[in-house]
Structure formats: C-alpha cells, structure tokens
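A closer look at the structure
The primary structure of each chain is shown beneath.
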Amino acid sequence: MSSFMGQMLNYRFLSIDRFDGENLGSFSFFLSHCHTDHMVGLTHEAFKYKLKCQPDVKLFTSEVTKCLLLADEKFLFLLPNIEVLLIEVPKLLRIKTKSIVEELTVTLLPAGHCPGSVMFLFEGAEGTMLYTGDFRLSHSSASRMPCLKNKVIDHIYVDTTFCIEEAWYIPPRELCVKNLLKIVQQWIVRGNQYVVRLNMSAKYGYEYLIEELHKSFGEKIYCSRAKNYDCLPNIASILTTDPTCSHIFVCYKTEILGNQWKASKMDVADMFKNVQWLTINLSTMYFTNCEEAHVVEVQTNKQCYRLCFSFHSSLSEICSFLRQIKPTHIHANVLPSINETFYSVEERLRRLCTNQTHSMQQSYQPLGSIQSSNNQCVQVVQRSNSLDVLHSNKG
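Residues numbered from 1 in each chain as written. Predicted model: local features only at pLDDT ≥ 70, side-chain atom pairs only at ≥ 80, totals over all residues. Heavy atoms only, no water.

Considering the overall build of the chain
Counting its secondary structure elements, the chain contains ten helices and 19 strands. Buried positions account for 56% of the 395 residues belonging to the chain. Expressed as a percentage of contacts within the chain between residues at least 6 apart in sequence, the contacts between residues at least 24 apart total 67%. Counting only carbon and sulfur atoms, one obtains 52% of the accessible surface of the chain, whose full area is about 17,800 Å². (Helix = DSSP H or I, 4+ residues; strand = E, 2+ residues; numbered from the N terminus. Buried < 20%, exposed > 50% of the residue type's maximum accessible area, 1.4 Å probe, protein only. Contact = heavy atoms within 4.5 Å. Areas by Shrake-Rupley, 256 points an atom, 1.4 Å probe, with all protein chains shown as cover.)

Here you go:
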C-alpha cells in the first residue's frame, strides 16, 4: 500500500499518484498505474473542480493506463485533461505555474507491475529524480534501460513494499506460472466437472497468468469483469462471461459466484451443482511468513492451494536496481510493516546497497527449497526475471 503523499522534495509544482490535500495546489499531475492506492483523490469533487477551472492542468500517464481509466465511466471527466506520454521517449514539458513557466524533461520507463504501469524520470533545473511507482523488475533491468545509462540520479522514490529481510527472495513469475499450470492440469484432467477458481486481490496485474492459462489449455478464461479489458483486445479476446465455457475462473477473493448469473436465461445453478472446485489463492506475504524453507505452493486442503505470486520486487531485486543506478538519495514509498519508519526502511536499503560484496554473494546463494505438489524439493538459485517490461506499453 503506497505511503507516498504525492510530492517530491524537488519540483513541488507537480504531484504524482495523489490528487487530494496539498496536491490540489499543483499545476501538473502524473499517474503511474491504475491501482486504487495510487489514485487517492482522483474522483473527489475538489479535484474535478480544479480541472474544470484550470483546463491547462494535465494528467500525464501511459497509453494503456489512459485506456483503462476511460473504460470506467466515473473517470470520463478526465478526458480533456489526460495527455499520453510514450514509453522511453523523453518529452520536454512546459508547465505554467502562478508566476513562471517551468521546464523539465519527463521519460516514462516500464515498471513491470501491471498493465500500463510506468516509472517517471524527471530531469530539469532542480536535478534528476526517479519515481518508480510500484514495480517488479529483475536483477539486470536497469542495464536494459537506455534512458538510465550514465544518468546521475539525485533522488529515487522507490517501491519498498517488500523491503523486509523475509522477502529477500521472491520466485520469478515464470516459476510461479509453471507451478500454476501444473496444478490446474492435474485438476481439470479429471473430467468436465472439475473446475479451478483462481483468487486475485487486485483489479489488474494478473494478465500474464491469464494469457499463459489460455495458451496452455486452449480455452477462454471466465472473468465476471471481462468488460474492464475491452480496451485491451489481446486480453479481452481470451476472456468470457459465460461460466459454461470454461474450466478456469479468475475472481476477486470476495467474489460470490452465482449472483451475476441470476439474470441469465441459462439455469447455471443446476449446471454447477456437481462441480468439483479447486481454489488457488495467489499471495506473497503468506510465504514470507513461512517458518519452513521458501516454497512456491502450499496445499492447505484437498481442494485448496496457496501459490506465491508477486508483482512487487523482492528485497534483493530492489537492492540490485539501486546498485545499478547508484542514486545519491533514497526515499521509501511504502512502509512494509506497522513497526517501520521511513528512516528505518531507507537505512536498510543504504546498508544493503553500500555493502555490495555481501549483498551480491547473498543473492546468488541457494535460496532454500521450492516444494512441488508431489512433495519433492529442489535447490533453487536466484534467476533473472525476463518479465520486467511486461505490461509497459503493450498492456
């Protein structure tokens, strides 16, 4: 959950991922992605009034984020003020404030968190700032971003969701999807009445899993919120709202299946009387709290699994990114636990990043056992995650 209040120490005339309180005095706004903790105040009447009275005030974001926003009627009021910036294409902005016109160059970088998610690189008279928003990047991501090459980053505002020692290692998404496909296959192969429910906690961010499930099993995936993806044809085309057309359902954790079918002409309730459900809960924190060696999956009962999946970087991935770009100052965007302060989180990162030899050795040591569903364990070493540009400008 983001704790960033919207404004950096520099460039106080702009706000990022926050649209209430003191941010209403800003002259330009930036949205990194479409998750609610980064959209606080976006639909408040005070922000709507500001945009109405100041039509020159812009909301800068990526093309995919714009599409996702405008797919929801409650955000249509933003249409006159949204301006799309291209990924990895520097853009010189002239922002009119009360007294002067401020100039700065802004570059969007892929964040690998969810569809349309980006980082913002700001360059101007007050220095070079990098705001990551939420991100999931591999250990070599920075070296593959030309816009960061040879840059002196004065300040970084970084996603510290998993800046805790217990989350030093989080399995790459490729490993998670491999286990997911295996679990699903073992269940649905038993017969047509065997159906899988995949529980999610966020509106966006699981599209990679959906695509891989469709690719592997050749059937559309049931999702009651399929309409949310109308603006992303590659996802919309593999989803269905017909529960009789799929053995795989993706749902909110609190979603009660059946309510949305009552108005249907199909007697779905009767059709699903004999269904055998397997529930898979996607989570990360559950696995950081495990006392046993790190596992990717846990079978909690005969018809329920927990599967480790994260769209936030692990502590080792955060440190690797920071070591590559070498920022002068580090600022935490998230308090990872109730006992933390921004100072304690930032000190932990500074310590780990300056103690480079220790950190690099630790990141390539065996990282415990990954347990498969047949209870066989194998040693795993840290591996690069090739999905760092997933969902940047491709949705």
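Some points on the sheet that holds strand β6 (residues 101–110)
The strand order β5-β6-β7-β8-β9-β17 describes an open sheet built from six strands, whose pairing is mixed. Of all the strands in the sheet, the pair left with one neighbour each is β5 (91–96) and β17 (329–332). On average, adjacent strands in this sheet sit at an angle of 25° to one another, irrespective of strand direction. Where strand β7 (residues 118–124) and strand β8 (residues 127–131) come together, five bridges link them in antiparallel fashion. Of the residues in β8, the one forming a bridge with Leu-121 is Leu-130. Set on the sheet, helix α9 (residues 342–354) makes contact with β9 (155–158) and β17; between it and β17 the angle comes to about 135°. (Pairing = 2+ DSSP bridges. Axes fitted to C-alpha atoms, helices over the stretch in contact; angles between N-to-C directions.)

A look at the pattern of salt bridges
The tally for this structure, following the rule as stated, stands at twelve salt bridges. One salt bridge in this structure joins Asp-20 and Arg-18, with 2.8 Å as the shortest N-O distance. The pair Asp-20 / Arg-18 is uniform in exposure class, with both members buried. In this structure, Glu-123 and Lys-151 form a salt bridge, with 2.5 Å as the shortest nitrogen-oxygen distance. (Salt bridge = Lys/Arg side-chain N within 4 Å of Asp/Glu carboxyl O.)

Side note on the pairing of β9
Across the two faces of β9 the burial is the same, with His-155 and Tyr-157 and Ile-156 and Val-158 all buried. When β8 meets β9, the two strands line up parallel, connected through three bridges. Paired with Leu-130 across the two strands is Ile-156, which belongs to β9. For β9 and β17, the ladder comprises four bridges, and the chain directions are parallel. For Ile-156, the partnering residue across the bridge sits in β17 and is Ile-330.

Side note on the side chain of Glu-123
Turning to its location among the elements, Glu-123 is positioned in strand β7. Overall, the relative accessible area of 19% leaves Glu-123 in the buried class. Separated by 2.5 Å, the side chains of Glu-123 and Lys-151 make a polar contact. Contacts of Glu-123, omitting those with residues within four sequence positions, involve Tyr-11, Leu-104, Thr-105, Thr-107, Thr-128 and Lys-151. (Polar contact = N/O pair within 3.5 Å; in protein donor to acceptor, adjacent residues only side chain to side chain.)

A closer look at the packing of helix α3 (residues 173–188) against helix α4 (residues 207–217)
Contact geometry of α3 with α4 gives a least axis separation of 10 Å together with a crossing angle of 45°. It follows from the interaxial angle that α3 and α4 lie oblique. With respect to the hand of their crossing, α3 and α4 are arranged in right-handed fashion. Of the residues in α4, those in contact with Arg-173, Glu-174, Val-177, Leu-180, Leu-181, Val-184, Gln-185 and Ile-188 of α3 are Tyr-208, Leu-209, Glu-212, Leu-213, Ser-216 and Phe-217. (Parallel < 35°, antiparallel > 145°, perpendicular 65-115°, else oblique. Left-handed = near helix turned anticlockwise from the far one by under 90°.)

As for unusual backbone geometry
In this model, Asn-150 sits at a positive phi of 65°, which is unusual for a non-glycine residue. Within the secondary structure, Asn-150 is located in the loop between β8 and β9. One non-glycine residue, Lys-326, adopts positive backbone phi at about 50°. For Lys-326, the position within the fold is in the loop between α8 (315–325) and β17.

Notes on α8
Most of α8 is tucked away: ten of the eleven residues are buried. Lys-326, located one to two residues past α8, shows a positive phi value of around 50°.

Digging into the packing of aromatic side chains
In the structure shown here, the tally under the stated rule is 19 aromatic pairs. On the numbers, 5.3 Å between centres and 65° between planes, the contact of Tyr-206 with Phe-311 is edge-to-face. Placement of the pair is Tyr-206 in the loop between β10 (194–200) and α4 and Phe-311 in the loop between β16 (304–308) and α8, with a sequence separation of 105 residues. In this structure Phe-311 comes out as buried when scored by relative accessible area, which is 11%. Judged by centre distance (5.2 Å) and plane angle (85°), the ring pair of Phe-249 and Trp-277 falls under edge-to-face. One end of the pair, Phe-249, is in strand β13 (residues 248–252); the other, Trp-277, is in strand β14 (residues 276–283), and 28 residues separate them in sequence. (Phe/Tyr/Trp six-rings, centres within 6.5 Å; stacked < 30°, edge-to-face > 60°.)

Some remarks on the nonpolar core
Ranked by internal contacts, the top residues of the largest apolar core, which has 85 residues, are Leu-42, Leu-69, Leu-130, Leu-148 and Phe-321. Top element by residues in this core is α3. It accounts for nine residues. Counting 22 residues, the second largest nonpolar core, distinct from the first, contains Phe-27, Leu-104, Val-118 and Tyr-157. (Core = buried A, V, L, I, M, F, W, Y, C linked by side-chain atoms within 4.5 Å.)

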